[in-house]
Amino acid sequence: MHTVTNRSLQSHLEGVEGLLLHDEPMDRHTSWRVGGKAEMFYVPTDKASLVQLMCQLPGNVPVFWFGLGSNLLVRDAGIPGMVVCTFKGMDEIERVDKESVYAQAGVASAKHAKFCARRGLEGAEFLAGIPGSFGGAVAMNAGAFGGDTWSMIERIECLDREGNITWFEKSEISYQYRYVDLPQIQSLDRLQFNMCTNYPVIFRQILERTAVQIQRILMMPKMELLRSTLIPCHL
Ligand SMILES: Cc1cc2nc3c(=O)[nH]c(=O)nc-3n(C[C@H](O)[C@H](O)[C@H](O)COP(=O)(O)OP(=O)(O)OC[C@H]3O[C@@H](n4cnc5c(N)ncnc54)[C@H](O)[C@@H]3O)c2cc1C
């Protein structure tokens, strides 16, 4: 740990890799630049460090999963317990076979769109215009321009509060427009998608991705329309 101020907790977390900050102002991390302090704010170095943290964190410490804060309003009183930020530490993305991609929760949605477009994998173009992490997109079933995140999910790997890892098939999760009934107190960890492989469309996709981004920029002044989608955090 780089920074630990809570001595009693420090002994529990001995040896856990990552960045742990105390009393971290959440206005530094949310898109709306609002929010009080997180009691603790943790950025894992990788999946192993996150599992280690969950195994060692005392059970009475609440955990809040955080991506890039683009869909959160944090109240002035802040967030008690541990905020776990997947962005930066958990940002691996790999193609596993012809039509499947694994991505960790902290991959930026735009990076995911770019990764797929460059490999001629169709279906993720809409993500180019959505701010946030891919874990956040899966948790919210984020979507735009007729596409949504769960239409391409095949299965998700989750980490629970005790450090156990479980794969859930798409059929086990119920989801709808901008809502997903996720197993409680779980972190989305590794996410597998089925995409269409279609090499001839690669250049069209890149053009479409650019078009999506231009469309998004043009829409930005209308941000008040998006307020209705924000999740109040710990109200
Ligand atoms: C300018 C702007 C434009 C936007 N446009 C769109 C749009 O077109 N379409 C759309 O759908 N949304 C849009 N959004 C909303 C937002 O970008 C998406 O919902 C995004 O997917 C949230 O990702 P995030 O990483 O920022 O999540 P956060 O804001 O960090 O978290 C959102 C929720 O997801 C949960 N969560 C995050 N990561 C994990 C994880 N690893 N495991 C479990 N739960 C997790 C959090 O606990 C929280 O409940 C927009 C937001 C802004 C500010």
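Structural notes, computed from the coordinates. Just so it is clear, the model here is predicted, and its values are computed rather than measured.

1. Regarding the overall build of the protein chain
At step 1: When its secondary structure is counted, the protein chain shows five helices and 17 strands.
At step 2: Counting every position in the protein chain, which comprises 235 residues, the buried fraction comes to 37%.
At step 3: The contacts of the protein chain with a sequence gap of at least 6 include a subset with a gap of at least 24, amounting to 64%.

2. A short note on the sheet that holds strand β5 (residues 79-85)
At step 1: If you trace the four strands from one edge of the open sheet to the other, you get β1-β2-β5-β3, paired in mixed fashion. Each having just a single partner strand, β1 (19-25) and β3 (63-66) make up the two edges of the open sheet. Taken pair by pair, the neighbouring strands of this sheet meet at an average axis angle of 30°, ignoring direction.

3. Structural notes on the environment of A128
At step 1: Here A128 is to be found in the loop between β8 (121-122) and α4 (134-140).
At step 2: Through-space distance from the C-alpha of A128 to that of A144 is 9.5 Å; in sequence the pair is 16 residues apart.

4. Focus on the site of the ligand
At step 1: Not every one of the 30 residues close to the ligand is listed here, only the nearest: G67, G132, G135, G136 and A142.
At step 2: It is α4 that provides the largest number of residues to the shell around the ligand, a total of five residues.
At step 3: The residue inventory of the shell around the ligand, partitioned by class, reads 16 nonpolar, 13 polar and one charged.
At step 4: For the shell around the ligand, the two domains that each supply at least three residues are domain 1 (7-85) and domain 2 (93-219).

5. So, helix α2 (residues 47-56)
At step 1: Those residues of α2 that sit buried are K47, S49, L50, L53 and M54. The buried residues of α2 occupy an angular sector of 165° when the element is viewed end-on, so they sit on one face. Residues of α2 that are exposed and point over 90 degrees away from its buried face: A48 and C55.

6. Some points on the nonpolar core
At step 1: Ranked by size, the top nonpolar core spans 51 residues in total, and within it Y42, V83, V84 and C85 carry the most contacts.
At step 2: When residues of this core are assigned to domains, at least three fall in each of domain 1 (7-85) and domain 2 (93-219).
At step 3: If sequence neighbours within four positions are ignored, C85 has contacts with F41, Y42, V43 and F66.

7. So, the pairing of strand β6 (residues 93-97)
At step 1: Across the five residues that make up β6, only a small minority, zero, are buried.
At step 2: Both β6 and strand β7 (residues 100-104) contribute to a ladder of four bridges, which runs antiparallel. In the sheet register, R95 faces β7, and the bridge partner there is V101.
At step 3: In this antiparallel pair of consecutive strands, β6 and β7, the connection spans two residues.

8. Regarding unusual backbone geometry
At step 1: A positive phi is found at R33, a non-glycine position, where the angle reads about 55°.
At step 2: Its place among the elements puts R33 in the loop between β1 and β2 (37-43).
At step 3: Although it is not a glycine, N141 sits at a positive phi angle of roughly 50°.

9. What to know about the pairing of β2
At step 1: Most of β2 is tucked away: six of the seven residues are buried.
At step 2: Sheet topology places β1 next to β2; six bridges connect them, and they run antiparallel. Note on β2: the bridge partner recorded for P25 is K37.
At step 3: By the bridge criterion, four bridges tie β2 to β5 in an arrangement that is parallel. Bridging from a neighbouring strand, Y42 pairs with V84 of β5.

10. Regarding helix α3 (residues 109-118)
At step 1: Restricting attention to buried positions, one finds in α3 the residues S109, H112, A113, C116 and A117. The buried side chains of α3 occupy one side of the element, clustering within an arc of 130° when seen end-on.

11. Some words on the environment of A38
At step 1: Among the structural elements, A38 can be located in strand β2.
At step 2: Sequence spacing of A38 and V83 is 45 residues, and the spatial spacing of their C-alpha atoms is 6.6 Å.
At step 3: Each residue touching A38, except ones within four places of it in the same chain, is listed here: E24, M26, G78, I79 and V83.

The rules we used
- Residues numbered from 1 in each chain as written.
- Predicted model: local features only at pLDDT ≥ 70, side-chain atom pairs only at ≥ 80, totals over all residues.
- Helix = DSSP H or I, 4+ residues; strand = E, 2+ residues; numbered from the N terminus.
- Buried ≥ 20, exposed ≤ 12 C-beta atoms within 10 Å, placed from the backbone.
- Contact = placed C-beta atoms within 7 Å.
- Pairing = 2+ DSSP bridges.
- Axes fitted to C-alpha atoms, helices over the stretch in contact; angles between N-to-C directions.
- Near = placed C-beta within 6 Å.
- Nonpolar A, V, L, I, M, F, W, Y, C, P; charged D, E, K, R; others polar.
- Domains from an automatic or database assignment.
- Arc of directions from axis to C-beta.
- Core = buried A, V, L, I, M, F, W, Y, C linked by C-beta atoms within 7 Å.

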